[in-house]
There are 4 protein chains.
Amino acid sequence: MKRNKPKYKQIIDAAVVVIAENGYHQAQVSKIAKQAGVADGTIYLYFKNKEDILISLFREKMSIFIEKTEEVIAGKQTVSEKLYVMVENHCKLLSEDHHLAIVTQLELRQSNKDIRFKINDVLKGYLQLVDKILISGIEAGELPEDLEVRIARQMIFGTLDEVVTTWVMNDQKYNIVAQVPAIHKLLLHGCGGRN
Amino acid sequence: MKRNKPKYKQIIDAAVVVIAENGYHQAQVSKIAKQAGVADGTIYLYFKNKEDILISLFREKMSIFIEKTEEVIAGKQTVSEKLYVMVENHCKLLSEDHHLAIVTQLELRQSNKDIRFKINDVLKGYLQLVDKILISGIEAGELPEDLEVRIARQMIFGTLDEVVTTWVMNDQKYNIVAQVPAIHKLLLHGCGGRN
Amino acid sequence: MKRNKPKYKQIIDAAVVVIAENGYHQAQVSKIAKQAGVADGTIYLYFKNKEDILISLFREKMSIFIEKTEEVIAGKQTVSEKLYVMVENHCKLLSEDHHLAIVTQLELRQSNKDIRFKINDVLKGYLQLVDKILISGIEAGELPEDLEVRIARQMIFGTLDEVVTTWVMNDQKYNIVAQVPAIHKLLLHGCGGRN
Amino acid sequence: MKRNKPKYKQIIDAAVVVIAENGYHQAQVSKIAKQAGVADGTIYLYFKNKEDILISLFREKMSIFIEKTEEVIAGKQTVSEKLYVMVENHCKLLSEDHHLAIVTQLELRQSNKDIRFKINDVLKGYLQLVDKILISGIEAGELPEDLEVRIARQMIFGTLDEVVTTWVMNDQKYNIVAQVPAIHKLLLHGCGGRN
DNA sequence: GATGAATGAGAGTTCATTCAT
DNA sequence: GATGAATGAACTCTCATTCAT
């Protein structure tokens, strides 16, 4: 399994750095190889092609994202608390890794439709977590029975995404984690929940 | 003024069609020229370069968007109504022009950062409309005084954008306008408003 | 006869200015038209094509050159004196018109072979003047009978051209007319003449 | 060091052939690549851009020129002899390589000012050789003390250049080496020297 | 497994010239 | 005679991927 070999992660991390610092369209395979300390050709021993690097990058980072989110939700009882820690976790993780924030919010979006559809597939794992929170809230009677889960999920993810992207486009110069309570309040009320 | 000459709009409309049907990276200037029924060189009598076509395209379409939105809002009194017609207008306009929806939600996002920052500038005009609705709601006592307008605006736009993008990515196969009431309810409640 | 109409000279003078100030490859027909105060199309009422402008420019200026040279030679008796005033005239005329110096010594040389061959044809009138001076010198016994006139003429023109070109490439920052005595001495002795 | 790799010289030689046979403006990179037997992209592994090919071409050929000239001068004592072998060498080398003669005397001069200034820099090495001959002649008492070295050098180079260019423009149809004694005599006398 | 030299397809833009008005 | 909007051909350079070593 190539994914567990050291060079696999080495190349992905190199890709994050190179894309964040040079931009998507200036992130040539040769630059990534150099940053990773391997030869150009070596990249192709671990990845099918450039597209595969980008999707793998997103998959690797997203799996960490999902894992952590599941962890923080696990300890919470109410839908309000679950939503809160999810929003907090989302903002925190991207706050802590400036490079990753640039890559996921700005650079990777410039990729072609093919890649973006595949990225969207990976994203579904995260969106299912949101759904799970909402459904648990409905079942617990904390959220209205007639809540349109799909649209609520789109609101939650769309809002988070817009908030984070705006913050990255403003050079990450303010503290996004400080906005978590406000975001949480809007989203919870939007879903029909109360604190 | 080049913007009022017939060929200006002709080229922009051609660009929308070509980008929607071929994708951003396959939308060569020569293809746009052919679709517009002019020579390649003619494009450059009306636009500085390819980037200028894309930004102008977005600016033209967005100005129509803003204009229509202002019109529908004008006749409404409550913040709930205003928000409703804004959401409805957003979904309707993109529903009615499949090509434009593809271009703005999928294709134009593949452009480089330069273009995307300029597109974002144009977008600000629309976001200010959202702000105006929210502020009028606060002043009328329909929305809480402590509403964080900036974050609420990011929620509203982020949600609309996510909803529409998801719809486009699913080949526009369901009726998005039917979702307007649900979206409106979520957003209004999120902002702390009531019907 | 188009050559005597005011716009003919107007366009040629505009061409000199535009070429001198923008360089040969940045001297577009539209720029020349603008400088001349006429429409692009008007150029083609007076000149067959762009090449024709350049050759006509050279022909016009060269005919003045030749005329003046003939005038100054006319009053002189010895080959030494004739050569002196010719060298002096060559340096003076180009000294007095910086734009023309740039155009003939640097810019026009970037033209394609076709134009350069035609320019060479025009140049022949000037070279014949040199020949005439040399032959008169031989006939007067001031220059050796076995002087190779063709090579001597190439020396005289090649030297003048090199001297002036070097001066132009150095931004015309020194006084080239001051070098006339030295140049004259070298050329006269080279041809086997004495003062 | 790329300059010593076989493909470096291979590409330069291909450029000489292509430029000589097609003309400067018809010497596309793809043509040069084809002639060199490499892919278009390979050119850019050895040269920064097309301009770099041309300047490198001139530098390579000129360094051979200078080297050979130094060799033939080395064995000579008097300034007359040194000047003779220099003139002879100049004519011979260009006589022996028709392609190179066309390229340096006609085609390369059509390049833009940027390239021509860089070519002029390379030329300085050759001009310094001329200076060295002249100064050695003055020190040996063979040339007058008051000889203006700079102008004399411009005469020598300007004459050689004019002679060779005229010969190339006449399709190299006469024997230029046969003119060496006559050229030598003119230049030597011009400088105030005797046989 | 690792290397890196070589490949070659693909597109934005300029500008001399025309011709309907 | 004068205009100027429209034309359309033409070319450098980049970079993902391969494969002999």
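As the structure is a computational prediction, the values presented were derived from the model and not from experiment.

Q: Could you clarify how one ought to interpret the overall build of chain A in this entry?
A: Within chain A one finds nine helices and zero strands. The C-alpha atoms of chain A give 18 Å as radius of gyration, which agrees with the globular expectation for 195 residues (16 Å, within 12%). Oriented by its inertia axes, the alpha-carbon framework of chain A measures out at about 55 × 35 × 30 Å. For chain A, the proportion of its 195 residues judged to be buried stands at 55%. Considering only intrachain contacts with a sequence separation of at least 6, the fraction spanning at least 24 residues in chain A is 70%. Chain A carries 26 positive and 25 negative side-chain charges, and their two centres are separated by 6 Å.

Q: When you look at the protein's contact with DNA strand F in this model, what are you seeing that I'm missing?
A: If you check the shell around DNA strand F, you find 30 residues, and the closest are B:T42, B:Y46, C:K7, C:T42 and D:Y44. Taking all atoms of DNA strand F within 4 Å of the protein, the share assigned to sugar and phosphate is 73%. Between A:Y44 and DNA strand F, the recorded distance is 3.0 Å, taken from a side-chain N or O atom to a phosphate oxygen. B:A39 is positioned such that a nitrogen or oxygen atom in its backbone is 2.9 Å from a phosphate oxygen of DNA strand F. Listing elements by their share of the surface near DNA strand F, those giving two or more residues are α3 (40-46) of chain B, α3 (40-46) of chain C together with α3 (40-46) of chain D.

Q: Help me understand the arrangement of the chains, please; the structure alone is not making it clear to me.
A: The two units chain A and chain C never meet; even their closest C-alpha atoms stay 31 Å apart. Kept free of each other, chain B and chain D leave a smallest C-alpha distance of 22 Å between them.

Q: Sorry if this is basic, but what is going on with the interface of chain A and chain B here?
A: Where interface size is quoted, it is often the accessible area lost as the parts come together. Contact residues are listed per partner, giving 38 residues for chain A and 38 residues for chain B. Carbon and sulfur atoms supply 59% of the area buried between chain A and chain B, which totals about 3200 Å² over both sides. Summed over the shared surface of chain A and chain B, the number is four salt bridges. Across the pair B:K113 and A:E107 runs a salt bridge whose closest N-O atoms are separated by 2.6 Å. At the junction of chain A with chain B, the criterion picks out seven residue pairs in polar contact (both at pLDDT 80 or more). For the side of chain A that touches chain B, the elements supplying multiple residues, two or more each, are α6 (98-107), α7 (113-139), α8 (149-169) and α9 (180-190) of chain A.

Q: Could you clarify how one ought to interpret the interface of chain C and chain D in this entry?
A: Of the residues lining the interface, 38 residues belong to chain C; the matching set on chain D comes to 38 residues. Contact with chain D buries area across many residues of chain C, yet C:Q154, C:M169 and C:L186 alone supply 20% of it, more than any other trio. If you look at where chain C meets chain D, you find four salt bridges. Ionic pairing is found between C:D146 and D:K185, a salt bridge with its closest N-O pair at 3.4 Å. Inspection of the region where chain C meets chain D yields seven residue pairs in polar contact (both at pLDDT 80 or more). Ranked by the residues each element gives to the side of chain C that touches chain D, the list is headed by helix α8 (residues 149-169) of chain C, at twelve residues. Of the residues in the side of chain C that touches chain D, the class split is 15 nonpolar, 13 polar and ten charged.

Q: Sorry if this is basic, but what is going on with the relation of the copies chain A and chain B here?
A: Between the two copies of the chain lies a rotation about an axis combined with a shift along it. Rotating chain A by 180° and moving it 0.1 Å along the rotation axis overlays it on chain B with an RMSD of 0.2 Å. On the angle and the small slide along the axis, the relation comes out as a two-fold axis. Looking at chain A, 100% of its interface residues are interface residues in chain B too, so the copies touch through the same face.

Q: Explain the UniProt feature "domain: HTH tetR-type" (unreviewed entry) in chain A to me, please; I cannot follow it from the model alone.
A: The positions that UniProt labels "domain: HTH tetR-type" (unreviewed entry) are, in the present scheme, residues 5-65 of chain A. Secondary structure content for residues 5-65 of chain A is 79% helix and 0% strand, while the C-alpha to C-alpha distance between its ends is 21 Å.

Q: Please clarify how empty space enclosed by the protein should be interpreted in this entry.
A: Where empty space is left becomes clear once a probe the size of a water molecule has been rolled over the atoms. Residue and element names in this part refer to chain A. Scanning the model with the defined rule gives one cavity of 30 Å³ or more in all. Around the largest cavity, the lining residues are V79, L83, I133, L134, L143, L188 and C191. Broken down by secondary-structure element, the contributors of at least two residues to the lining of the largest cavity are α5 (79-96) and α7. Taken together, the residues of the lining of the largest cavity sort by class into seven nonpolar, no polar and no charged.

Q: It is not clear to me how helix α9 (residues 180-190) of chain D should be interpreted in this structure. Could you clarify?
A: Residues lying three or four places apart along an α-helix face the same way, a consequence of the helix completing one turn every 3.6 residues. Residues and elements named next belong to chain D. Of all eleven residues in α9, nine are buried, a share of seventy percent or more. Taken as a whole, α9 has its buried residues at V180, A182, I183, H184, L186, L187, L188, H189 and G190. Once α9 finishes, G192 follows within two positions and takes phi at roughly 90°, a positive value.

Q: Sorry if this is basic, but what is going on with the nonpolar core here?
A: Considering soluble globular proteins, one finds that nonpolar side chains tend to be buried as a cluster. Core analysis: the biggest nonpolar cluster contains 147 residues, and A:L134, A:I156, B:L134 and B:I156 have the highest contact counts within it. Beyond its immediate stretch of four places on either side in the chain, A:I156 contacts A:L83, A:M86, A:V130, A:L134, A:L187 and A:C191. Grouped together as the second largest cluster of nonpolar side chains are 146 residues, C:I133, C:L147, D:I19 and D:L94 included.

Q: Can you walk me through the protein's contact with DNA strand E in this structure?
A: Lining the immediate surroundings of DNA strand E are 30 residues, of which A:K7, A:T42, B:Q28, D:T42 and D:Y46 lie closest. The protein-proximal atoms of DNA strand E, defined as those within 4 Å of the protein, are 73% sugar or phosphate. Interatomic distance of 3.0 Å between a backbone N/O atom of A:A39 and a phosphate oxygen of DNA strand E. A distance of 2.8 Å separates a phosphate oxygen of DNA strand E from a polar atom in the backbone of C:V29.

Q: What is the right way to look at unusual backbone geometry in this model?
A: If a residue is not glycine, its phi is most likely negative; likewise, a peptide bond is most likely trans. All names here are of chain C. In the Ramachandran plot, D171 falls in the positive-phi region, its phi being about 60° despite a non-glycine side chain. The exposed category is assigned to D171, whose relative accessible area is 62%. You will see that Q172, though not glycine, has its phi angle at about 55°, which is positive. As for its placement among the helices and strands, Q172 is situated in the loop between α8 and α9 (180-190).

Q: So what exactly am I meant to see when it comes to the environment of A:L100 here?
A: Residue and element names in this part refer to chain A. Relative to the helices and strands, L100 is located in helix α6. Residue class for L100 comes out buried when judged on its relative accessible area of 10%. Through-space distance from the C-alpha of L100 to that of D13 is 9.6 Å; in sequence the pair is 87 residues apart. Those residues in contact with L100 that sit more than four places away from it in its chain are V16 and K61.

Q: Explanation requested: the relation of the copies chain C and chain D in the structure shown.
A: For the pair chain C and chain D, the relating rotation is 180°, the translation along its axis is 0.1 Å, and the fit reaches an RMSD of 0.2 Å. Both copies contact each other with a shared surface, as 100% of the interface residues of chain C are interface residues in chain D too.

Q: Help me understand the UniProt feature "DNA-binding region" (unreviewed entry) in chain A in this model?
A: Under the local residue numbering, the UniProt record ascribes the feature "DNA-binding region" (unreviewed entry) to residues 28-47 of chain A. When the span residues 28-47 of chain A is considered, its composition is 75% helix and 0% strand, and the gap between its end C-alpha atoms is 14 Å.

Q: Explain the side chain of A:H90 here, please?
A: For A:H90, the location among the structural elements is in helix α5. Aside from chain neighbours lying at most four places away, what touches A:H90 is A:F65, A:Y126, A:F157, A:L160 and A:V164.

Q: Would you explain the packing of aromatic side chains in this entry?
A: Aromatic ring pairs are described here by two measures, namely the spacing of the ring centres and the angle between the planes. On inspection of all chains with the given rule, the structure shows twelve aromatic pairs over all chains. Note on A:F65 and A:Y126: the rings are 5.4 Å apart at their centroids and 85° apart in plane angle, and the pair reads as edge-to-face. Pair noted here: A:F65 is in helix α4 (residues 50-74) and A:Y126 is in helix α7, with a separation of 61 residues, a long-range link. Members of the aromatic cluster, connected to one another through ring pairs, are A:F65, A:Y126 and A:F157. Across the ring face of C:Y174, the terminal group of D:R150 is positioned such that the distance to the ring centre comes to 5.1 Å.

Reading the values: rules and limits
Every chain begins its residue count from 1, and numbering advances along the sequence as written. Starting at A for chains and at 1 for ligands, labels are handed out in the order in which the entities are written. Selection of residues for local features in this predicted model requires a pLDDT of at least 70, selection of side-chain atom pairs for listing and counting requires 80 or more, and totals for whole chains, interfaces and linings are taken over all residues. Calculation of side-chain values draws on the structure's entire complement of heavy atoms; hydrogens and water are dropped beforehand. Helix numbering and strand numbering both begin at the N terminus, where a helix is a DSSP run of H or I of at least 4 residues and a strand a DSSP run of E of at least 2. We compute the radius of gyration over the C-alpha atoms and compare it with the globule rule, which gives 2.2 Å times the number of residues raised to the power 0.38. Note on exposure labels: buried denotes an accessible area under 20% of the residue type's maximum, exposed denotes more than 50%, and partly exposed covers the range between, all computed with a 1.4 Å probe on protein chains only. When checking whether two residues touch, look at their non-hydrogen atoms; a contact exists if any pair is within 4.5 Å. For this count, His and the chain ends are skipped, Lys and Arg are scored as positive, and Asp and Glu as negative. Working definition for charges: the position is that of NZ of Lys, CZ of Arg, CG of Asp or CD of Glu. For this description, a residue counts as near a given molecule or strand if any of its non-hydrogen atoms is within 4 Å of it. In protein, a polar contact requires one atom able to donate a hydrogen and another able to accept it; more generally it is a pair of N or O atoms within 3.5 Å, and residues adjacent in sequence count only if both atoms are side-chain atoms. Accessible area that two parts lose when put together, evaluated with a 1.4 Å probe and summed over both, is termed the buried area. Definition used for salt bridges: Asp or Glu carboxyl oxygen within 4 Å of a side-chain nitrogen of Lys or Arg. Only Asp, Glu, Lys and Arg are considered charged, only Ala, Val, Leu, Ile, Met, Phe, Trp, Tyr, Cys and Pro nonpolar, and every remaining residue, Gly among them, polar. The fit set for superposing copies consists of C-alpha atoms from residues with pLDDT of at least 70 in both; the fit itself is least squares. UniProt positions are given in the numbering used here, feature names are shortened, and annotations may be inferred rather than shown by experiment. Residues are called lining when one of their atoms sits within 4 Å of a cavity or pocket point, these points coming from a 1 Å grid over the protein atoms alone, where a cavity is a set in which a 1.4 Å probe fits but cannot get out and a pocket is an open set with protein on both sides within 12 Å along at least five of seven lines. Grid points are joined across faces, edges and corners, and a volume is the space filled by probe spheres set on the points. Side-chain atoms within 4.5 Å link the members of a nonpolar core, which is a set of buried Ala, Val, Leu, Ile, Met, Phe, Trp, Tyr and Cys residues. Side-chain rings of Phe, Tyr and Trp, where Trp is taken by its six-membered ring, are said to pair if the distance between their centres is within 6.5 Å; with planes under 30 degrees apart they count as stacked, over 60 as edge-to-face, and otherwise as tilted. For a Lys NZ or an Arg CZ to count as sitting over a ring, it must be within 6 Å of the ring centre and within 35 degrees of the ring normal.

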